[in-house]
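Coordinate analysis (summary)
Here are the chains, one letter per residue:
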Amino acid sequence: MLPKKPRHILYAVLLLVLSAICTSALANTKVYSFLSETVRALDVTSKGLRLVSVGGKTNDTRSDLSISRDDKVAAAPFFATIIQGADQEVGCASNGLTVARFNLCGDFDDRLITLSGSYSTVSWQILGGSCSPNINDDCPNTTASCYSQVATGSTFLLDASTIPSGSGAEFRVVANGQQYFFKVKKSNITQTFVKNDFIC
């Protein structure tokens, strides 16, 4: 039987894990994979924490929680995006990047894209040349030579008339040296419905 104080801590940890699992089921996120990565990275022992690398090599048991440069800690399974106002955010399973998606309706559905935070250098780039966008894939094209700069500054006006409806477009923004990706899909729907209001 555990003393009261450790039992309370155990209940709190159990409550947090259950909350994360239930929330992930509702929000359709990948919390379960994050938790499994975390459990593999930190193995709690009776003497303290034992750091375990992703490759499976176990480091020495430590009670002081200090980490030296030689220790390997598992990386987070996803990287958040700084792109604001997207219609959807999807995760790439192969590299963990988060890709923002914009769905445009016709040639006049222009969007002003902003970034969270402030950055000293910002470069907006479009995928082109010999590289073709694949808007149906959740993973971005990360080949640097495929991108060419189309704008600078903290905001970007996504001109819907320049996006091909058949292939869409793929972009990246490089802010202070970090790159973030977004994909754009456009549908050309001709609206034939006319609404008339009548007073009865």
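Throughout this document, residue positions are counted from 1 along each chain, in the order its sequence is written. Reporting in this predicted model follows two pLDDT cut-offs: at least 70 for local features of residues, and 80 or more for side-chain atom pairs to be given and counted; totals over whole chains, interfaces and linings ignore these cut-offs and use all residues. Processing note: side-chain calculations cover all non-hydrogen atoms of the structure and skip hydrogens and water entirely.

Now for the state of the cysteines. Each disulfide consists of one covalent bond between the sulfur atoms belonging to two cysteines. Note on terminology: pairs of cysteine sulfur atoms within 2.5 Å are recorded as disulfides. Taken as a whole and assessed by the stated rule, the structure comprises two disulfides. Sulfur-sulfur distance for the disulfide between Cys 92 and Cys 139 comes to 1.9 Å. Here the disulfide of Cys 92 and Cys 139 is right-handed, its torsion about the S-S bond being about 95°. Taken together, the residues Cys 92 in the loop between strand S5 (88-91) and strand S6 (98-105) and Cys 139 in the loop between strand S8 (122-127) and strand S9 (147-152) connect sequence positions 47 residues apart. One exposure class covers both Cys 92 and Cys 139, and it is buried. Linked covalently through their sulfurs, Cys 131 and Cys 146 form a disulfide whose S-S length is 1.8 Å. In this structure, the disulfide formed by Cys 131 and Cys 146 twists by about -50° around the S-S bond and is classed as left-handed. You can see Cys 131 sitting in the loop between S8 and S9 and its partner Cys 146 sitting in the loop between S8 and S9, a full 15 residues away along the chain. Bonded cysteines in the protein are paired 1-3, 2-4 when counted in the order they occur along the chain. Each helix is a run of DSSP H or I of at least 4 residues and each strand a run of E of at least 2, with the numbering of both proceeding from the N terminus. Accessibility here uses a 1.4 Å probe with only protein chains present; expressed as a share of the type maximum, an area under 20% marks a residue as buried, one over 50% as exposed, and anything in between as partly exposed.

Two numbers describe a pair of aromatic rings. These are the distance of the centres and the angle of the planes. Pairs were defined over the aromatic rings of Phe, Tyr and Trp, the Trp ring being its six-membered one, requiring ring centres within 6.5 Å. Orientation was assigned from the angle between planes: stacked under 30 degrees, edge-to-face over 60, tilted for the rest. For the coordinates displayed, the defined rule picks out seven aromatic pairs. On the numbers, 5.7 Å between centres and 80° between planes, the contact of Phe 102 with Phe 182 is edge-to-face. Residue Phe 102 is found in strand S6, and its partner Phe 182 is found in strand S12 (residues 178-187); the two are separated by 80 residues along the sequence. Here Tyr 147 and Phe 181 contribute two aromatic rings whose centre-to-centre distance is 6.1 Å and whose plane-to-plane angle is 55°, an arrangement assigned as tilted. On the criterion of sequence distance, the pair formed by Tyr 147 in strand S9 and Phe 181 in strand S12 is long-range, its members being 34 residues apart. The burial state of Tyr 147 is the same as that of Phe 181; both residues are buried. By the ring-pair criterion, three or more aromatic residues cluster together here, those being Phe 102, Trp 124, Phe 156, Phe 171 and Phe 182.

Attention now moves to the environment of Lys 185. Within the secondary structure, Lys 185 sits in strand S12. Since its relative accessible area comes to 35%, Lys 185 is described here as partly exposed.

Looking at where Val 174 falls in the secondary structure, it is placed in strand S11 (residues 169-175). For Val 174, a relative accessible area of 19% gives the class buried. A sequence separation of 49 residues divides Val 174 from Gln 125, and the C-alpha atoms of the two residues are 7.9 Å apart. We call two residues in contact when some of their heavy atoms are within 4.5 Å. With residues up to four places along the chain from it excluded, the contact list for Val 174 reads Thr 121, Val 122, Ser 123, Gln 125 and Gln 179.

Attention now goes to the sheet that holds S12. Any two strands between which DSSP finds at least two bridges are classified as paired. One open sheet holds the six strands; their spatial order is S5-S6-S12-S11-S8-S9, and the pairing between them is mixed. One side of each edge strand has no neighbouring strand; the edge strands of this open sheet are S5 and S9. Across the sheet, the mean angle separating the axes of adjacent strands is 30° when strand polarity is ignored. As paired elements, S8 and S9 share five bridges and run antiparallel to each other. For every element, the axis is a line fit to its C-alpha atoms; helices are fit only across the contacting stretch, and the angle between N-to-C directions ranges from 0 to 180 degrees.

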